[in-house]
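Each chain, letter by letter, is given below.
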Amino acid sequence: MNQMTEIKPLTRKDFESDQDVRWCPGCGDYALLAQVQKLLPALGIPRENFAFISGIGCSSRFPYYMETYGMHSIHGRAPAIASGLKLARPELSVWVVSGDGDSLAIGGNHFIHAMRRNIGLKIILLNNRIYGLTKGQYSPTSEFGKKTKTTPLGSIDRPFSPVSVALGAGATFVARTVDSDHPHLLDTLKRAAEHPGTAFVEVLQNCIVFNDGAYNALADRETRDDARLLLQHGQPMRFGKDSNRGIRMRGFEPEVVTVGEGGVTEADLAIHDESAANGGLAFFLSQFAAPLPVPLGVFRAVEAPVYEQLSTGLAEDARAQRGQGTLEKLFNSGDTWTID
Amino acid sequence: MNTQTMTVDEPRVVGGMQKTRPIEEIKSVVIRFVGDSGDGMQLTGNEFSKSVARAGHDFATHPDYPSEIRAPTGTLFGVSGYQIQFSSGQVFTSGDAPDVLVAMNPAALKTNLPDLRHGGMIIANAGAFNKANLQKAGYQSNPLDDGTLIDFRLYTIDISDLTNQALKDTGIAKKEIGRCKNYYALGLMLYLYSRPIEDEEQNIRAKFAKKPDIAEANVIALRAGYAYAESTEMFVSTYQVRAADIKPGRYRSITGNHAAALGFAAASELAKVPLFLGSYPITPATDILQELSALKHFNITTFQAEDEIAGICSAIGAAYGGVLGLTTTSGPGMALKTEALGLAVMLELPLVITNVQRGGPSTGLPTKVEQSDLLQAVYGRNGECPIPVIASRSPADCFDCAIEAFRIAVKYMTPVILLSDGGIGNAAEPWRIPNPADLPPLEVKFRTDADGFQPYARDEHLARAWVRPGTPGMEHRVGGLEKHFLTGNISHDPINHERMVNVRAAKVAGIAKDIPPLTVEGPQSGDLLIVGWGSTYGSIVQAREQAEAAGKSVAHVHLRHLNPLPAELGDILARYKTVLVPELNLGQLSKLLRERYLRDVTLMSKVQGKMFKVSEIYDRILELC
């Protein structure tokens, strides 16, 4: 952060650029944009120290709408570009906004390596389980059997769980939220912003044109309490309209139980521990599939050395040992000889 | 032996012993060390080159090794070689044909014998010419005693056994003893070429400081080889090459890749802007990444990315952040970086992409030289996507080109492609160490004044302003979609797109005004002009000089800037009847010249993974004038 700059109180308005937002009406991207613009003024970071980097896709238009520094780059490469920026300028708050195709298909390699390195990027993946910008082909998160323009007979690809991929690659902060629940979205983004290493947030998001209703169960106030499991650190895994349903572990198999039925008490429920040194619980949750509820919230938040700090540290150590490098010394190192 | 020799009979004192032996003085010599890829031939050659460097010779080297790390021993495809030419005059190439071949086994002899000068010297490690090795090399009988080498001066020395003998009491393992034979060979050669042994002993002790017993064994092997050459009656004379008449100064031996790394470090210091290298290891470019990784006490960050694409993308991100962005690669890696290059052109950010070319296409010949990425560098992107291209001509020239690449990149806010190749990336020559104070200034201006700021407004060079994120009041967005001429906002307006295409082209074309004047060696007009680029420089220079000495009228111009081409090149071409373009490809510069100047040129093409021999170009000159 730039110490010289006096931080004036910023508002959501300060983060709105003069560009017209051109997403389809009803797109989940709007919710993210609004919540990010709401969050950033609260972070105490000067506006000029934010940079938003995106790849290609509907969601990747995001930087244009933010009155910060930003780059709309090329397909899937945002994490690599953002990594270079963060390494060169560790004091900047660098955010990546991406989609399921961008992050997990063409950019899969960069995605996993950002997680592995634990570089201080905030990576948001808007997952609508479809290719929107190219108009309706299946994506790496589309469900098996999904019929789309390129899979008229149904997809035979097995879908990725973005949270599983992130955890498998060693991410230190992994969360999931949904575009329709604005307070939860905001809270999750705030947690991500506070995390020092790579913070990964999957936003389950509706595509009104090509995959409308994909997350209806999570969006509908009538059904969502039964469809989702809100993860809370240190708390038993309870969900449901009456909050009386819960997750019990049967060895390595989760099952849905009802507290108060068949002798089940709250003590039988699994407890969420986002900071567990072993990532097994988080991964277990990331694999939940129907009829289990969709876990939302922070799957994992652990501390680990942060890449750009390690990189800066190497340079500091090198200077401490060898002194600041000079060309004079560098040129004349090794075997030299003089011709008179 | 090369050129005139003369014999001087003078006593010579070595190691306390006095012995009279004629010393033949020679102008230059080409020695090639060849053996198994595990025999340490690169090390032997390197150490020998250091020794001749200290003696004040000019020299050039050519390491030639297989793409397998350790091919099965004794096989024809596992042969590794190191050639050095050193001279009392100027040296521009590692030499067409070796005068001396040090062959550590039959496979090495078999694969390299065709190159040896008629009547040249062979020093063969007789101990390795056993039945199994002869068979692996495809010899029906032993060439050391069946008369096939009658045209050469053959010295058979059982280097393996003599090394064993010398080291049998040291107590080190048999395997380790076997690995010392390269130092035995080095000792032999140091004596034969009148080089002192003491410096090399120091080198060995420094190199194996952590393994004193191995150091000692190697020193013993070295001395044994040296003493053998001194005491045996086999060698009737030894040789001395006079020190070259070289510009006074302090020198060091440098490879092209090492020189490039130093040049990039220098660019960062001169610009007072940190350097960021994002790269992925690939032969033969990897050395640059390795060299810069060891310079973290400078303002240098290196990032070994997950792939080539991430290499260039991280450098683009760093450039956006306001540091000198650099990525390094070779042929196939360059192909992967292509999409990001287009982005860098749209972003109008400074960036340097170094391509140490190798044989292609695809994986091609990873360890061999080729100049076949020129058209890719100039044209190989989607859309109208102009990028300045420069090429270095020799190992030491890689230093200057690295600085020049960044000078153009920051002045014009553009990616710049720097072409080198495996022929100069790994080869070494003496480098006159510059005084940092004498290096050209490299001015970088970051815009900090928000007043009237438009992200894509341009200066007199058509370059837009470089703004570091973190600068208040100038928040702006860049990206790969077409930009509005001034604001940089997305614009799909057809007229705006054409205007942007034209202005980007004009910006790059305008660099022609900023290129140092071309030097034409030889007559300024006449029958024949040779136009070269890149690492063919040395062969062309020597061939032209030889032709001139033979009374031929032939000129040479060597291009560093390939896009845009220097403004005066068209006029120069017009002053000669014939233009000869030697290239290690099928005619890529030739195409560019024909297209740009609408004049025919005579192509001289070679695509064998090898440099031009001086004689090849010389012969072609004779055919043409």
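Remember, it's a predicted structure, so these values are computed and weren't measured experimentally.

1. Observations regarding the overall build of chain A
- Scanning chain A for helices and strands turns up 11 helices and 12 strands.
- Seen along its three principal axes, the alpha-carbon backbone of chain A occupies a region of about 95 × 50 × 45 Å.
- Looking at the 340 residues of chain A, the share that counts as buried comes to 56%.
- Put simply, 66% of the contacts in chain A that link residues at least 6 apart link residues at least 24 apart.
- With an accessible surface of roughly 14700 Å², chain A has 52% of that area assigned to carbon and sulfur atoms.
- Placing the 34 positive and 38 negative side-chain charges of chain A at their respective mean positions leaves the two points 3 Å apart.

2. Structural notes on the UniProt feature "domain: Thiamine pyrophosphate enzyme TPP-binding" (unreviewed entry) in chain A
- The feature "domain: Thiamine pyrophosphate enzyme TPP-binding" (unreviewed entry), as annotated in UniProt, sits at residues 56–203 of chain A in this numbering.
- Between the first and last C-alpha atoms of residues 56–203 of chain A the distance is 17 Å; the span itself is 32% helix and 20% strand.

3. Re the sheet that holds strand E8 (residues 100–103) of chain B
Residues and elements named next belong to chain B.
- Taken in spatial order, the 6 strands of this open sheet run E6-E7-E5-E8-E9-E10, and their pairing is mixed. Only two strands of the sheet have a single partner each, and these edge strands are strand E6 (58–64) and strand E10 (153–157). Across the sheet, the mean angle separating the axes of adjacent strands is 15 degrees when strand polarity is ignored.
- Where strand E5 (residues 28–36) and strand E7 (residues 79–87) come together, 9 bridges link them in antiparallel fashion. Residue pairing across strands places Val-30 opposite Gln-85, the latter belonging to E7.

4. Overview of helix H6 (residues 181–192) of chain B
Residue and element names in this part refer to chain B.
- Along its 12 residues, H6 runs 17 Å from first to last C-alpha, staying within 8% of the 16 Å computed at 1.5 Å per residue.
- Judged by how many residues are buried, H6 sits mostly within the fold: 12 of 12 residues are covered.
- Within H6, burial applies to Lys-181, Asn-182, Tyr-183, Tyr-184, Ala-185, Leu-186, Gly-187, Leu-188, Met-189, Leu-190, Tyr-191 and Leu-192.
- The positive-phi residue at the C-terminal boundary of H6 is Ser-194, with phi of around 55 degrees.

5. Here's the deal with the packing of aromatic side chains
- In total, this model carries 27 aromatic pairs over all chains according to the counting rule given.
- Ring plane angle 40 degrees and centroid distance 6.5 Å describe the contact between A:Trp337 and B:Phe59, whose orientation is recorded as tilted. Remark: B:Phe59 occurs in strand E6 and A:Trp337 occurs in strand E12 (residues 336–339); the pair is interchain, linking two chains. Judged on exposure class, the residue A:Trp337 and its partner B:Phe59 are both buried.
- Ring plane angle 75 degrees and centroid distance 6.5 Å describe the contact between B:Tyr183 and B:Phe208, whose orientation is recorded as edge-to-face.

6. Here we look at the interface of chain B and chain A
- Facing 70 residues of chain B, the contacting portion of chain A comprises 56 residues.
- For the pairing of chain B and chain A, the buried interface totals around 5400 Å² over both sides, and the portion due to carbon and sulfur atoms is 60%.
- Per-residue buried area on chain B facing chain A is highest for B:His297, B:Glu475 and B:Arg477; these three make up 15% of the total on that side.
- Our count for the contact surface shared by chain B and chain A stands at 5 salt bridges.
- At the junction of chain B with chain A, the criterion picks out 33 residue pairs in polar contact (both at pLDDT 80 or more).
- Secondary structure elements with two or more residues in the side of chain B that touches chain A: helix H1 (41–54), strand E12 (249–255), helix H9 (256–271), strand E14 (300–304), helix H11 (308–320), helix H12 (331–347), strand E19 (428–432) and strand E20 (477–479) of chain B.
- Considering only residue class, the side of chain B that touches chain A consists of 38 nonpolar, 18 polar and 14 charged.
- The pairing of strand E2 (residues 69–72) of chain A with E20(B) spans 3 bridges and is parallel. The partner of A:Gly70 across the bridge, within E20(B), is B:Arg477.

7. Comments concerning the packing of H6(B) against helix H7 (residues 198–207) of chain B
All names here are of chain B.
- The contact between H6 and H7 brings their axes to 12 Å, and the two run at 160 degrees. Judged by the angle between their axes, H6 and H7 are roughly antiparallel. Between H6 and H7 the crossing geometry is right-handed. Residue-level contacts link Tyr-183, Leu-186 and Leu-190 of H6 to Glu-200, Ile-204 and Lys-207 of H7.

8. Some points on the nonpolar core
- Formed by 158 residues in total, the largest nonpolar core has its most connected members in B:Phe264 and B:Leu292.
- In terms of residue count, the dominant contributor to this core is helix H14 (residues 397–412) of chain B (11 residues).
- Those residues in contact with B:Leu292 that sit more than four places away from it in its chain are B:Ala261, B:Phe264, B:Ala265, B:Leu275, B:Leu277, B:Ile300, B:Thr302 and B:Leu326.
- Ranked by size, the runner-up nonpolar core spans 54 residues in total, among them A:Trp337, B:Leu186, B:Ala221 and B:Tyr226.

9. Points about the environment of A:Gly197
All names here are of chain A.
- When you line up the elements, Gly-197 lands in the loop between helix H6 (182–194) and strand E6 (199–204).
- Through-space distance from the C-alpha of Gly-197 to that of Gly-260 is 41 Å; in sequence the pair is 63 residues apart.
- Among residues more than four places away in sequence, those in contact with Gly-197 are Asn-118, Ile-119, Gly-120, Leu-121, Lys-122 and Val-306.

10. Focus: unusual backbone geometry
All names here are of chain B.
- Along the chain, Thr-283 connects to Pro-284 via a cis peptide bond; the corresponding omega equals 0 degrees.
- Along the chain, Pro-284 falls in the loop between strand E13 (275–279) and helix H10 (286–293).
- The phi dihedral of Ser-194 is positive, around 55 degrees, even though this residue is not glycine.
- With a phi angle near 50 degrees, Ser-362 is a residue other than glycine that sits in the positive phi range.
- With respect to the secondary-structure elements, Ser-362 resides in the loop between strand E16 (351–357) and helix H13 (374–379).

11. Comments concerning the pairing of E7(B)
All names here are of chain B.
- For E7, the buried fraction is high: 9 of the 9 residues fall into the buried class.
- Covered by surrounding structure in E7 are Val-79, Gly-81, Gln-83, Gln-85 and Ser-87 together with Ser-80, Tyr-82, Ile-84 and Phe-86, the residues of both alternating faces.
- Strand direction decides the pairing type here: E6 and E7, joined by 7 bridges, are antiparallel. Residue pairing for E7: Asp-64 is matched across the bridge by Gly-81.

Basis of the calculations
Residues numbered from 1 in each chain as written. Chains lettered and ligands numbered in written order. Predicted model: local features only at pLDDT ≥ 70, side-chain atom pairs only at ≥ 80, totals over all residues. Heavy atoms only, no water. Helix = DSSP H or I, 4+ residues; strand = E, 2+ residues; numbered from the N terminus. Buried < 20%, exposed > 50% of the residue type's maximum accessible area, 1.4 Å probe, protein only. Contact = heavy atoms within 4.5 Å. Areas by Shrake-Rupley, 256 points an atom, 1.4 Å probe, with all protein chains shown as cover. Lys, Arg positive; Asp, Glu negative; His and termini not counted. Charge placed at Lys NZ, Arg CZ, Asp CG, Glu CD. UniProt positions renumbered as here; feature names shortened; annotations may be inferred. Pairing = 2+ DSSP bridges. Axes fitted to C-alpha atoms, helices over the stretch in contact; angles between N-to-C directions. Expected span 1.5 Å × (residues − 1). Phe/Tyr/Trp six-rings, centres within 6.5 Å; stacked < 30°, edge-to-face > 60°. Buried area = accessible area lost by both parts, 1.4 Å probe. Salt bridge = Lys/Arg side-chain N within 4 Å of Asp/Glu carboxyl O. Polar contact = N/O pair within 3.5 Å; in protein donor to acceptor, adjacent residues only side chain to side chain. Nonpolar A, V, L, I, M, F, W, Y, C, P; charged D, E, K, R; others polar. Parallel < 35°, antiparallel > 145°, perpendicular 65-115°, else oblique. Left-handed = near helix turned anticlockwise from the far one by under 90°. Core = buried A, V, L, I, M, F, W, Y, C linked by side-chain atoms within 4.5 Å.

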